[in-house]
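Take a look at the letters that make up each chain.
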Amino acid sequence: MALIKGLSGVINLRPEEQKSFRSLFLLSLISGIGLSYYFVAVNSFLIQKTSVSNLPYAYIISGLGGLLLIKLYQHRQQKRGIINSYRESIIAFFVIAALIFLAFNYLGEDKNYAVYIAYLGFLFYAPFIIIFGLSFSGICAQLYNMAQSKRLLALVGTGEIIASIIGYLTAPLISKLIGNQNYLLIFSSAFIITALIPIYRLSKDNNEKLSHINIVKTTLRKLNLSFFSNDKFYLLIAIVTVFSVSAIYFVDYSYLGRNSQQNKLQKP
């Protein structure tokens, strides 16, 4: 809390912004640590249980599953609103991380199930990053006007950067102390469920702004090829996104492939 107060003092927050900024920063920090632990656990299990040739299937499963999960999230957001759908996503990820932990522990050594469980754990990481990101930016859009968003959104998001540093530095220490990387999923569940606290504070302090379900049908545009070809701005955004995401996946695939090969070579 001292870090959050110190940061809010440095950037000269207005009185009406302080409570929401602290809650948003704490939400970003907590969920970021939880996702970091989950990432380390499921990737480690995937490397141990699958071969390099099977990694593309993991990405395909994650992509297809991610589309379905994000569509479900969009449906829930339209029905329940941004804050309630965010709360549901937190609870859902908590349950998933706990179930994946049980599956890793009790079925992870069974050759008939290990590969499928590895894919299952890998499936949920990227979709929930997107879901949490959409929820977070949606809350910021409802809390702040355009001028405030330009000034505060990037600063609030630094909580996730700090969380990544903390998570990835402490994950090896926790794994070494406990002797099993699967238990990082328990830490992931614990951090994720505590994210309900800042969500509750945001909902309580900004009930009027966050309780409305704003769906303006007249502003919706059908997403197809003409959507991009008729507007160069969105076409350029799409091109940049394709290149940046492709680069991320190439690096991630190279990392997982190299570690998978090393893991196979180390086995007797």
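Preceding block: the structure.
Residues numbered from 1 in each chain as written. Predicted model: local features only at pLDDT ≥ 70, side-chain atom pairs only at ≥ 80, totals over all residues. Heavy atoms only, no water.

Would you mind going over the overall build of the protein with me for this structure?
Scanning the protein for helices and strands turns up 11 helices and 0 strands. Out of the 268 residues in the protein, the part that is buried amounts to 39%. In the protein, of all internal contacts separated by at least 6 residues, the share reaching a separation of at least 24 is 84%. Summed over its atoms, the accessible surface of the protein is roughly 15,700 Å², and 66% of this surface lies on carbon and sulfur atoms. (Helix = DSSP H or I, 4+ residues; strand = E, 2+ residues; numbered from the N terminus. Buried < 20%, exposed > 50% of the residue type's maximum accessible area, 1.4 Å probe, protein only. Contact = heavy atoms within 4.5 Å. Areas by Shrake-Rupley, 256 points an atom, 1.4 Å probe, with all protein chains shown as cover.)

I'm lost on the packing of aromatic side chains in this one. Help?
Pairs of aromatic rings are described using the distance from one ring centre to the other and the angle between the two planes. Taken as a whole and judged by the stated rule, the model has 13 aromatic pairs. Both rings, one in tyrosine 37 and one in phenylalanine 187, keep their centres 6.1 Å apart while their planes meet at 70°; by these two values the pair is edge-to-face. With tyrosine 37 in helix α2 (residues 15-49) and phenylalanine 187 in helix α7 (residues 184-194), this pair connects stretches of sequence that are 150 residues apart. The class of tyrosine 37 is buried, set by a relative accessible area of 4%. Judged by its relative accessible area of 31%, phenylalanine 187 is partly exposed. (Phe/Tyr/Trp six-rings, centres within 6.5 Å; stacked < 30°, edge-to-face > 60°.)

Would you take a moment to explain the side chain of asparagine 182 for this structure?
Topologically, asparagine 182 is positioned in the loop between α6 (146-178) and α7. Residue asparagine 182 is classed as buried on the basis of its relative accessible area of 10%. A distance of 3.3 Å separates polar atoms of two side chains, one belonging to asparagine 182 and the other to asparagine 105. Among residues more than four places away in sequence, those in contact with asparagine 182 are Phe45, Phe101, Phe104 and Asn105. (Polar contact = N/O pair within 3.5 Å; in protein donor to acceptor, adjacent residues only side chain to side chain.)

Explain helix α3 (residues 55-80) here, please?
Taking 1.5 Å as the rise per residue, α3 with 26 residues should run 38 Å; its terminal C-alpha atoms sit 36 Å apart, in good agreement. Within α3 the residues assigned to the buried category are Leu55, Ala58, Tyr59, Ser62, Gly65, Gly66, Ile70 and Tyr73. Remark: glycine 81 follows α3 within two positions and exhibits a positive phi of approximately 95°. (Expected span 1.5 Å × (residues − 1).)

Would you take a moment to explain α7 for this structure?
An α-helix turns once per 3.6 residues; consequently, residues spaced three or four apart project the same way. Looking only at α7, the buried set comprises Leu184, Leu185, Ser188, Ser189 and Ile192. Seen along its axis, α7 keeps its buried residues to an arc of 140°; they face one direction. (Arc of directions from axis to C-beta.)

Quick question: what am I supposed to make of the packing of α3 against helix α5 (residues 114-143) here?
How two helices pack is summed up by the angle between their axes together with the distance between the axes. It is the contact of α3 with α5, at a shortest axis distance of 8 Å, that shows an interaxial angle of 40°. Here α3 is positioned oblique relative to α5, judged by the angle of their axes. Crossing of α3 against α5: the hand is right-handed. Only Tyr119, Phe122, Leu123, Phe124, Ala126, Pro127, Phe128, Ile130, Ile131, Leu134 and Ser135 of α5 make contact with α3, whose side of the interface consists of Tyr57, Ala58, Tyr59, Ile61, Ser62, Gly65, Gly66, Leu69, Ile70 and Tyr73. (Axes fitted to C-alpha atoms, helices over the stretch in contact; angles between N-to-C directions. Parallel < 35°, antiparallel > 145°, perpendicular 65-115°, else oblique. Left-handed = near helix turned anticlockwise from the far one by under 90°.)

Is there a simple way to explain the side chain of serine 135 in this structure?
Along the chain, the position of serine 135 falls in helix α5. Of the residues examined, serine 135 reaches a relative accessible area of 0% and is grouped as buried. Those residues in contact with serine 135, other than ones at most four positions away along the chain, are Tyr73, Ile82 and Tyr86.

Where do I start with the environment of isoleucine 91 in this structure?
Mapped onto the fold, isoleucine 91 is located in helix α4 (residues 82-107). With 104 residues separating them in the primary sequence, isoleucine 91 and alanine 195 have C-alpha atoms 9.4 Å apart.

Hey, could you run me through the nonpolar core in this one?
Generally speaking, a soluble globular protein has its nonpolar side chains buried in company with each other. Leu24, Tyr38, Tyr86, Phe132, Ile139 and Leu185 are the most contacted members of the largest nonpolar core, which totals 59 residues. Among the elements of the structure, α2, α3, α4, α5, α6, α7 and α8 (196-205) are those that each provide at least two residues to this core. Here this core takes 16 residues from α2, the largest share from any one element. Here leucine 185 is in contact with Tyr38, Ala41, Val42, Ala97, Ile100, Phe101 and Phe104, once residues within four sequence places are set aside. (Core = buried A, V, L, I, M, F, W, Y, C linked by side-chain atoms within 4.5 Å.)

Could you clarify how one ought to interpret the environment of leucine 155 in this entry?
Among the secondary structure elements, leucine 155 is positioned in helix α6. Taking relative accessible area as the criterion, leucine 155 reaches 27% and is therefore assigned partly exposed. Spatially, the C-alpha atoms of leucine 155 and phenylalanine 21 are 9.1 Å apart, while their sequence positions differ by 134 residues.

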